[in-house]
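# Coordinate inspection notes
Here's the letter readout for the chains.
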Amino acid sequence: MELKWTNKALSDLARLYEFLAAENKQAAAKTVQRLTKSPAILISNPRLGEQLFEFMPREVRRLVLGDYELRYEIQGPVVLACCFQLLQFIKQR
């Protein structure tokens, strides 16, 4: 498997960094580093995350990484990291 990032996921990470860096640049950098490294586990275990059946027939899944959720899609030999969301925001919807 190969892990690829969508422009949306990269944009989400950049916005998250900017938001957190306003208070603490070091914490912002650590958070973004953790969020970019953690999905590497999907290369060897792509079905680790919970499947989101509302996207069927596409295989879209979610992986919880601390306070954040990564949505990703399995497309043959590729794991496509789609977007990051703050879990607290998701629960408020």
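Note that this is a predicted model, so its numbers are computed, not measured.

Cut-offs used in this document
- Residues numbered from 1 in each chain as written.
- Predicted model: local features only at pLDDT ≥ 70, side-chain atom pairs only at ≥ 80, totals over all residues.
- Heavy atoms only, no water.
- Pairing = 2+ DSSP bridges.
- Helix = DSSP H or I, 4+ residues; strand = E, 2+ residues; numbered from the N terminus.
- Contact = heavy atoms within 4.5 Å.
- Axes fitted to C-alpha atoms, helices over the stretch in contact; angles between N-to-C directions.
- Expected span 1.5 Å × (residues − 1).
- Buried < 20%, exposed > 50% of the residue type's maximum accessible area, 1.4 Å probe, protein only.
- Arc of directions from axis to C-beta.
- Polar contact = N/O pair within 3.5 Å; in protein donor to acceptor, adjacent residues only side chain to side chain.
- Core = buried A, V, L, I, M, F, W, Y, C linked by side-chain atoms within 4.5 Å.
- Phe/Tyr/Trp six-rings, centres within 6.5 Å; stacked < 30°, edge-to-face > 60°.

## Focus on the sheet that holds strand β1 (residues 2-5)
The five strands are arranged β1-β5-β4-β3-β2 in an open sheet whose pairing can be described as mixed. Two strands in the sheet have a free side with no partner beyond their single neighbour: β1 and β2 (50-51). Relative to strand β5 (residues 78-86), helix α1 (residues 7-21) is tilted by about 35 degrees, and along the sheet it contacts β1, β4 (68-75) and β5. Across the sheet, helix α2 (residues 25-37) touches β1, β3 (59-65), β4 and β5, and the angle it forms with β4 is around 25 degrees.

## Some thoughts on α2
With 13 residues, α2 should reach 18 Å at 1.5 Å per residue; the first-to-last C-alpha distance of 18 Å fits that figure. Of all the positions in α2, only Ala 28, Thr 31, Val 32 and Leu 35 are classed as buried. Looking straight down α2, one finds its buried side chains confined to an arc of 95 degrees; they lie on one side. Set apart from the buried face of α2 by more than 90 degrees, the exposed residues are Gln 26, Lys 30 and Lys 37. Its side-chain oxygen placed 3.1 Å from the backbone nitrogen of Gln 26, Asn 24 serves as the N-cap of α2.

## Points about the nonpolar core
Ranked by internal contacts, the top residues of the largest apolar core, which has 15 residues, are Leu 35, Leu 42, Leu 65, Leu 70, Tyr 72 and Phe 84. Broken down by secondary-structure element, the contributors of at least two residues to this core are α1, α2, β3, β4 and β5. Per-element accounting of this core gives the leading share, four residues, to β4. Leave out the neighbours within four places in its chain, and Leu 42 touches Leu 48, Leu 63, Leu 70, Tyr 72 and Val 79.

## Here's the deal with the packing of aromatic side chains
Tallied over the full model, the rule gives one aromatic pair. Arranged with centres 6.0 Å apart and planes meeting at 20 degrees, the rings of Trp 5 and Phe 84 form a pair that is stacked. Within this pair, whereas Trp 5 is found in strand β1, its partner Phe 84 is found in strand β5, the two being separated by 79 residues in sequence. With a relative accessible area of 8%, Phe 84 lands in the buried category.

## Here's the deal with the side chain of Glu 69
The topology assignment puts Glu 69 in strand β4. At 2.8 Å, the side chain of Glu 69 forms a polar contact with the side chain of Arg 71.

## Structural notes on the pairing of β4
Buried residues dominate β4, accounting for seven of its eight residues. Of the pairings in the sheet, the one linking β3 to β4 comprises seven bridges and is antiparallel in character. Across the sheet, residue Leu 65 finds its bridge partner in β4, namely Tyr 68. Between β3 and β4, which pair antiparallel and follow one another directly, the connecting turn spans two residues, one of which, Gly 66, has a positive phi of 65 degrees.

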